Amino acid sequence: MYKLDLPVDLKQAAAIERRRNMEKQRQSRIFNAKERIIGVDVQALEQQVQDRAVREETEAARAEAFAADAIRNDKVVVMMEQRQEQDIRNLNMAVNDFRKNFQVPETRREFDLNDPDGLKKDKPARLTDDDPRCGISGVQKLDGEDLNFTARKKYQQEQMREWTKAQINERNASDMNQKHADLLYEMKARELDQRACELATAEEECRRQINMATKNFNLAQQREKEEQEAMKRQQHQDDNYTELSNHIYGDMLTENPAVAQSAFGPHRVITDRWKGMSPEQLADVRNRQEQQRQEKERLAMEERLRNEEWDKQRVDADRAAVILERREERLKKELEKQQAHENLRLGAEQKAHREFMDKEVYRNNITGDFYSQWNTSSR
């Protein structure tokens, strides 16, 4: 067959071109969200605007009401906080007094842990080679194993379980006591408010009576004070005359040695009348000082020997600690070497898995032609 040039149908071509232009205009209207007006409900939008205005007015009135309530509540809260702070202050004062009188440090269960004289009362860490108090933690004896580990661990677990139960029971009891205390506090506050109103009326009447009685009492006190001052002046003058007479004729100025002898025994004297020690007493004091000096030298020698023994034990403990540290370093190096081999093996497995996924599983990749077919028509 031969290829022939057929005449172009102008009417059909114009209709095709018109439809193409209409499609482009439709696409420009539909795809542009700012200019699209098809499917918009104008009455619904106006109703939404009105509803929003009404809602804003309602919210403004509600906010004003809430603000007024908040101011009133803040005033009430401030009054309650002041009352609560006063109650807490009184309670803290009562607690401090109770601790001061009934909870001294010496009565505490753990006082032996915080006793400042605990080291003076305690024994040395090791007395003999068979001392049962020499455990592994003290590095005094190294047996190589812990034979009582299972029993001790079971006992510790039981002890921890009992402590936990006791703490839970104490917490529950504390919560119940707190709730009961809050209820009593609220009832007491109501009772105090009612009582305050009743006392305010009685206090005003009582104040007038008290002022009148106070005035009469002050007048009586003034007259009594004037009489007492006159009696004191006369008594002071008499005491001065008596004191002058006692000083002139007393044993102090006359230096009577018998006045220094105490009535409780010949070995005691009255200090404000004593004229000094005798030679025998001075010799006895010097002998006692010499004995105290010798006792102090003996105690210093014992302390030096005890410190040398402690230094020897400390050196032995340091030597054992160095041996344990070297053993731990060797074990750590072996573990690091094993971990490095394991990491190399895991890296090789991960690399082989990634190559398998890239070459075998993820073979079909999405190209740009897949996304270019979207948004090409308005239908």
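Predicted model, so just to flag it, every value in this text is computed and none were measured.

### With respect to the overall build of the chain
- Summing up its helical and strand segments, the chain has 7 helices and 0 strands in all.
- For the chain, the α and β elements follow one another from N to C terminus as α-α-α-α-α-α-α.
- For the chain, contacts bridging at least 24 residues in sequence account for 37% of all contacts bridging at least 6.
- Within the structure as shown, the chain displays about 36,500 Å² of accessible surface, and the carbon and sulfur contribution to it stands at 54%.

### A look at the pattern of salt bridges
- Within this structure, the stated rule accounts for 20 salt bridges.
- A salt bridge links Glu203 to Arg207; its shortest N-O distance comes to 3.0 Å. A residue pair is termed a helical-turn pair when its members lie 3 or 4 positions apart in one helix, as Glu203 and Arg207 do in helix H5 (residues 149-249) at 4 residues.
- Classification of Glu203 by relative accessible area gives partly exposed; the value is 45%.
- Look at Arg207 and you get partly exposed, because its relative accessible area is 36%.
- Arg319 is the partner of Asp316 in a salt bridge, and the nearest nitrogen-oxygen pair spans 3.2 Å.

### Observations concerning the confidence of the model for the chain
- Looking at the chain, pLDDT values average 81 and 82% of them are 70 or higher.
- Per-element averaging of pLDDT across the chain places helix H6 (residues 251-254) at the bottom with 62 and helix H2 (residues 42-102) at the top with 89.

### A closer look at the layout of surface pockets
- Here the largest pocket is characterised by a volume of approximately 280 Å³.
- What lines the largest pocket is simply Gln84, Asp87, Ile88, Leu91, Ala181, Asp182 and Tyr185.
- Taken together, the elements giving at least two residues each to the lining of the largest pocket come down to H2 and H5.
- Broken down by element, the residue count for the lining of the largest pocket peaks at 4 residues, all from H2.
- Class assignment for the residues of the lining of the largest pocket results in 4 nonpolar, 1 polar and 2 charged.

### Side note on a negative patch on the surface
- Together, Glu224, Glu226, Glu227 and Glu229 line one region of the surface with negative charge.
- Within the secondary structure layout, Glu224 lies in helix H5.
- Owing to a relative accessible area of 38%, Glu224 belongs among the partly exposed residues under this scheme.

Thresholds, definitions, all that
Residues numbered from 1 in each chain as written. Predicted model: local features only at pLDDT ≥ 70, side-chain atom pairs only at ≥ 80, totals over all residues. Heavy atoms only, no water. Helix = DSSP H or I, 4+ residues; strand = E, 2+ residues; numbered from the N terminus. Contact = heavy atoms within 4.5 Å. Areas by Shrake-Rupley, 256 points an atom, 1.4 Å probe, with all protein chains shown as cover. Salt bridge = Lys/Arg side-chain N within 4 Å of Asp/Glu carboxyl O. Buried < 20%, exposed > 50% of the residue type's maximum accessible area, 1.4 Å probe, protein only. pLDDT = per-residue confidence, 0-100. 1 Å grid on protein atoms, 1.4 Å probe; cavity = no way out; pocket = protein on both sides within 12 Å on 5 of 7 lines; lining within 4 Å. Points joined across faces, edges and corners; volume = space filled by probe spheres on them. Nonpolar A, V, L, I, M, F, W, Y, C, P; charged D, E, K, R; others polar. Patch = residues over 30% accessible without salt bridge, like charges linked within 9 Å, V, L, I, M, F, W, Y side chains within 5 Å. Lys, Arg positive; Asp, Glu negative; His and termini not counted. Charge placed at Lys NZ, Arg CZ, Asp CG, Glu CD.

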